[in-house]
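Listed below are the residues making up each chain.
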Amino acid sequence: MEDTLTVYKASQLCKVSSKSIINWIEAGHIKAYKTVGGHRRIKRNDLEVFMQRQGIPVPGEEPASNHKRILVVDDDPIIVETIVQSLEEDEFNYEVISAADGFEAGLQVNHFCPDLIILDIMMPDIKGNEVCRKIKSNPDTRDTKIIVLSAYLDEEKFAEMKSYGADMCFSKPLPLPQLKEEVARLLELK
């Protein structure tokens, strides 16, 4: 295959619109350069790195294992690292990735196709109730389990989040053993 790709070819490989590829380039998510004529070009290796980072299947690569997929969405890198590390060390060999903002989370939901999402609903660019509602109302993602995290929720807010589709709610600071047990239960591994 060729080493340099057009925006159109990259969009075909990622199964998204050309506009999405341009947006990702402009946001700095994909490295690209412009030709003398002003056309964007992407090196195949740069696109593949982006695709792997985002959980987008790269044509010609072996598909990932059949392990349960978990997406952790939180803007606090310490919380993300703690949850990811804890789940990766679990006996069930989960495939775990993370997203630090709503944009990245949207990409991951579409391309990584998680079985379960651990979602901090108090992030600047995410409305937790809206995320839950969208995931549960989409036929492709309605079976995705959602665990909501927040430092600021009371029982009333938890009930509200469950009405939008959250399967479980936890307050921060996070009870990791309880979270791991709930993840296994929701994924029907226990």
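Presented here is an overview of the structure given in this document. (Residues numbered from 1 in each chain as written. Predicted model: local features only at pLDDT ≥ 70, side-chain atom pairs only at ≥ 80, totals over all residues. Heavy atoms only, no water.)

**Focus: the sheet that holds strand β3 (residues 40-43)**
- Across the sheet, which stays open at both edges, the three strands sit in the order β1-β3-β2 with antiparallel pairing between neighbours. At either margin of the open sheet sits one strand with a lone partner, and together these are β1 (4-6) and β2 (33-34).
- Across the sheet, helix α3 (residues 44-54) is in contact with β1 and β3; its angle to β3 comes to roughly 75°. (Pairing = 2+ DSSP bridges. Helix = DSSP H or I, 4+ residues; strand = E, 2+ residues; numbered from the N terminus. Contact = heavy atoms within 4.5 Å. Axes fitted to C-alpha atoms, helices over the stretch in contact; angles between N-to-C directions.)

**Comments concerning the packing of helix α4 (residues 77-88) against helix α8 (residues 176-186)**
- The interhelical angle for the contact between α4 and α8, taken along N-to-C directions, is 55°, at an axis separation of 11 Å. By the angle between their axes, α4 is oblique relative to α8. Relative to α8, α4 is oriented so that their crossing is right-handed. Residues Thr82, Ile83, Ser86 and Leu87 of α4 lie in contact with α8, whose contacting residues are Leu176, Leu179, Lys180 and Val183.
- Considering only residue class, the contact of α4 with α8 consists of five nonpolar, two polar and one charged. (Parallel < 35°, antiparallel > 145°, perpendicular 65-115°, else oblique. Left-handed = near helix turned anticlockwise from the far one by under 90°. Nonpolar A, V, L, I, M, F, W, Y, C, P; charged D, E, K, R; others polar.)

**Notes on unusual backbone geometry**
- Residue Pro173 is reached from Lys172 by a cis peptide bond, and omega for that bond is 0°.
- For Cys113, which is not glycine, the phi dihedral falls at a positive 50°.
- As for its placement among the helices and strands, Cys113 is situated in the loop between α5 (102-111) and β6 (116-120).

**Observations regarding the packing of helix α1 (residues 7-14) against α3**
- Contact geometry for α1 and α3: axes closest at 11 Å, N-to-C directions at 30°. Along this stretch, α1 crosses α3, giving a crossing that reads as right-handed. Packed against α1, whose contacting residues are Ala10, Leu13 and Cys14, the element α3 presents Arg44, Leu47 and Met51 at the interface.
- Residues that form the contact of α1 with α3 fall into these classes: five nonpolar, no polar and one charged.

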